[in-house]
Amino acid sequence: MKTIVTGGAGFIGGNFMHFAVNNYPDEEWICLDKLTYAGNLETLEPLEGKKNYRFIKGDIADRTFIFDLFRKEKPDRVINFAAESHVDRSLKDPELFLRTNVLGTVCLMDACREFGIERFHQVSTDEVYGDLPIERTDLFFNEENPIKTSSPYSSSKGSADLFVLAYHRTFGLPVSISRCSNNYGPYHFPEKLIPLVISRALADESIPVYGKGENVRDWLYVEDHARAIDMIFHNGKIAETYNIGGFNEWKNIDIIKVVINTVDRLLGRKEGEDMNLITYVTDRKGHDMRYAIDSTKLQKELGWEPSLQFEEGIEKTVRWYLDNHEWLDNVTSGDYLKYYEKMYSNR
Ligand code: NAD
Ligand code: DAU
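Given the structure is predicted, the values throughout are model-derived calculations rather than measurements.

Chemist: Explain the site of ligand 2 to me, using residue names and the numbers behind them.
Modeler: Taken together, 23 residues surround ligand 2, and among them Thr125, Asp126, Tyr153, Arg284 and His287 come closest. A distance of 2.8 Å separates an oxygen atom of ligand 2 from a polar atom in the side chain of glutamate 127. Between asparagine 182 and ligand 2, the recorded distance is 2.8 Å, taken from a side-chain N or O atom to an oxygen atom. Those elements giving two or more residues to the shell around ligand 2 turn out to be α6 (193-202) and β8 (207-210). With three residues, β8 is the single largest residue contributor to the shell around ligand 2.

Structure representation (structure tokens):
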């Protein structure tokens, strides 16, 4: 059994690669990644040398490359994590998001049609549902909610989802989709809120809070996302969409305080010592107010449950950054970009 995992050098794809390569030693796992600024091969370093793991550098939107690769490798399955994933960047360069997230997904699915596939799984996001009012805590998004996006990022992910469903209905491609809430955990690029707060608190630098910090996100530990994808990929029904989320909503400002306190405690500083780093800045344009995802379907149909309480997950995450400061230092300095040359130039 051979699976191509696209975007496996990124945050969630990387955590999934660790999970899959270690849990399925008799299956072949190929990471296909373009290594954009968000792709970091140091994340996959612990897998180097394992017989069931390979890395291939390439662009999911490059049709010639993708068709040649599928012709040669004949994968049984594809999981598509590859994407431009940062909302703020999508405000600066929407077209890049269209190219990677929509055209890239279509290109992969065309190769799947041409060469045959058992399953194409699309890793999507809760952001495709748009946002909910803060005060309506009774409302959650389930899989029946329509796509109603806000940013160029979420619009590109929502468009890709529509193409995935169309490729099933029109061409019979065996697809599935998962839509997860905000993830946190090891190997998270420090442009996103939680790793940004950790890295800035460690460096004693200001921590930017958009608007009033009242927007709400629903946070899930990344390994729980990886496990959910594994379950959906193996046992989820074809052409179905599954929400993934831990019913764990937090206002941004509250989560920032929890993270700062955790950093202070683990560093032996007085708790709250770094609160003065919090700096309110201009809000994100079109900023979604609240995400809240109902993952009952996944829990009932496939028996998935989140494994960690949030406080435990945050402590584990901050500890990971403290124990792996080299990974963070290399990201901050840009040294991680040289890793591919170092490891692969003579192969
Ligand atoms: P990330 O930005 O950390 O990683 C994306 C990876 O895709 C990188 O390794 C990058 O090099 C690669 N990539 C980008 N363009 C490519 C291309 N054209 N060809 C091949 N590879 C390319 O993203 P992430 O946070 O790990 O998110 C992974 C997926 O999960 C995305 O599809 C995202 O929409 C979705 N998602 C993310 C979250 C979250 O909280 N981060 C939550 C729900 C869903
Ligand atoms: O919900 C799933 C989505 O979660 C994924 O699809 C995206 O790929 C992922 O990036 C994430 O999107 P968000 O926009 O929610 O994540 P981000 O970490 O960028 O921001 C989280 C919240 O924190 C958001 O309300 C904006 C705010 N924020 C973010 C940054 C980077 C700040 O207040 N300050 C910051 O510096």
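Chemist: Give me the pairing of strand β9 (residues 216-221): which residues, what numbers.
Modeler: In terms of residue burial, β9 counts as a mostly covered element, since six of its six residues are buried. The two faces of β9 match: Val216, Asp218 and Leu220 on one face and Arg217, Trp219 and Tyr221 on the other face are all buried. Note: strand β7 (residues 182-184) against β9, three bridges, orientation parallel. Across the sheet, asparagine 182 pairs through a bridge with tryptophan 219, a residue of β9.

Chemist: Any chance you could break down the nonpolar core for me, citing the residues and the numbers?
Modeler: Grouped together as the largest cluster of nonpolar side chains are 32 residues, with contacts concentrated most on Phe16, Met17, Leu44, Tyr53 and Ile244. Counting residues per element, the ones that place at least two in this core are α1 (11-23), β2 (28-33), β3 (53-57), α7 (222-235), β10 (241-244), α9 (296-302) and α12 (339-344). Not counting chain neighbours up to four residues away, the residues in contact with methionine 17 comprise Val5, Gly8, Trp29, Cys31, Leu44, Leu47 and Tyr53. Counting 31 residues, the second largest nonpolar core, distinct from the first, contains Val197, Val259, Leu328 and Val331.

Chemist: Describe the layout of surface pockets, with residues and values.
Modeler: Here the second largest pocket is characterised by a volume of approximately 290 Å³. Forming the walls of the second largest pocket are 15 residues, and the residues nearest its centre are Pro190, Ser199, Arg200, Leu328 and Thr332. When residues of the lining of the second largest pocket are traced back to their parent elements, those giving at least two are α6 and α11 (325-333). When residues in the lining of the second largest pocket are grouped by element, the largest group, five residues, is from α11. Partitioned by chemical class, the residues of the lining of the second largest pocket number eight nonpolar, three polar and four charged.

Chemist: Describe the site of ligand 1, with residues and values.
Modeler: Around ligand 1, the surrounding shell holds 29 residues, and the nearest of these are Ile12, Asp33, Ser85, Tyr153 and Lys157. Glycine 10 places a polar main-chain atom, nitrogen or oxygen, 3.0 Å from an oxygen atom of ligand 1. Between ligand 1 and phenylalanine 81 there is a distance of 3.0 Å, counted from an oxygen atom to a backbone nitrogen or oxygen. When the free accessible area of ligand 1 is taken as 840 Å², the share hidden by the protein chains comes to 97%. Secondary structure elements with two or more residues in the shell around ligand 1: α1, β5 (119-125), α5 (152-171) and β7. No other element matches the three residues that β5 contributes to the shell around ligand 1.

Chemist: Lay out the sheet that holds β7 with the relevant residues and their values.
Modeler: If you trace the three strands from one edge of the open sheet to the other, you get β7-β9-β11, paired in mixed fashion. The open sheet is flanked by β7 and β11 (249-251), the only strands paired with a single partner. Averaged over all adjacent pairs, the angle separating strand axes in this sheet is 50°, with direction ignored. The sheet contact formed by β9 and β11 spans three bridges and is antiparallel. Directly across from arginine 217, in β11, lies its bridge partner tryptophan 250.

Chemist: Outline the packing of aromatic side chains, supporting the account with residue identities and numerical values.
Modeler: Two aromatic rings are characterised by how far apart their centres lie and by the angle between their planes. Applying the stated criterion to the full structure yields 20 aromatic pairs. Clustering of aromatic rings is evident, with ring pairs tying together Phe16, Phe19, Tyr24, Trp29 and Phe81. The cationic tip of lysine 57 hangs over the ring face of tyrosine 340; the distance from NZ or CZ to the ring centre is 4.7 Å.

Chemist: Please provide a residue-by-residue account of the sheet that holds β10, values included.
Modeler: Across the sheet, which stays open at both edges, the seven strands sit in the order β3-β2-β1-β4-β5-β6-β10 with parallel pairing between neighbours. A single partner strand is all that each edge strand has here, and the edge strands are β3 and β10. Across this sheet, the average inter-strand angle for adjacent strands is 20°, counted without regard to direction. Relative to β2, strand β1 (residues 2-6) runs parallel, the two sharing five bridges. Considered in β2, the bridge of threonine 6 is made with leucine 32. This element, α1, spans β1, β2, β3 and β4 (77-80) of the sheet and lies at about 165° to β2. The sheet contacts of helix α4 (residues 94-115) involve β1, β4 and β5, and relative to β5 the element is tilted by about 165°.

Thresholds applied
- Residues numbered from 1 in each chain as written.
- Chains lettered and ligands numbered in written order.
- Predicted model: local features only at pLDDT ≥ 70, side-chain atom pairs only at ≥ 80, totals over all residues.
- Heavy atoms only, no water.
- Near = heavy atom within 4 Å.
- Polar contact = N/O pair within 3.5 Å; in protein donor to acceptor, adjacent residues only side chain to side chain.
- Helix = DSSP H or I, 4+ residues; strand = E, 2+ residues; numbered from the N terminus.
- Buried < 20%, exposed > 50% of the residue type's maximum accessible area, 1.4 Å probe, protein only.
- Pairing = 2+ DSSP bridges.
- Core = buried A, V, L, I, M, F, W, Y, C linked by side-chain atoms within 4.5 Å.
- Contact = heavy atoms within 4.5 Å.
- 1 Å grid on protein atoms, 1.4 Å probe; cavity = no way out; pocket = protein on both sides within 12 Å on 5 of 7 lines; lining within 4 Å.
- Points joined across faces, edges and corners; volume = space filled by probe spheres on them.
- Nonpolar A, V, L, I, M, F, W, Y, C, P; charged D, E, K, R; others polar.
- Areas by Shrake-Rupley, 256 points an atom, 1.4 Å probe, with all protein chains shown as cover.
- Axes fitted to C-alpha atoms, helices over the stretch in contact; angles between N-to-C directions.
- Phe/Tyr/Trp six-rings, centres within 6.5 Å; stacked < 30°, edge-to-face > 60°.
- Lys NZ or Arg CZ within 6 Å of the ring centre and 35° of its normal.

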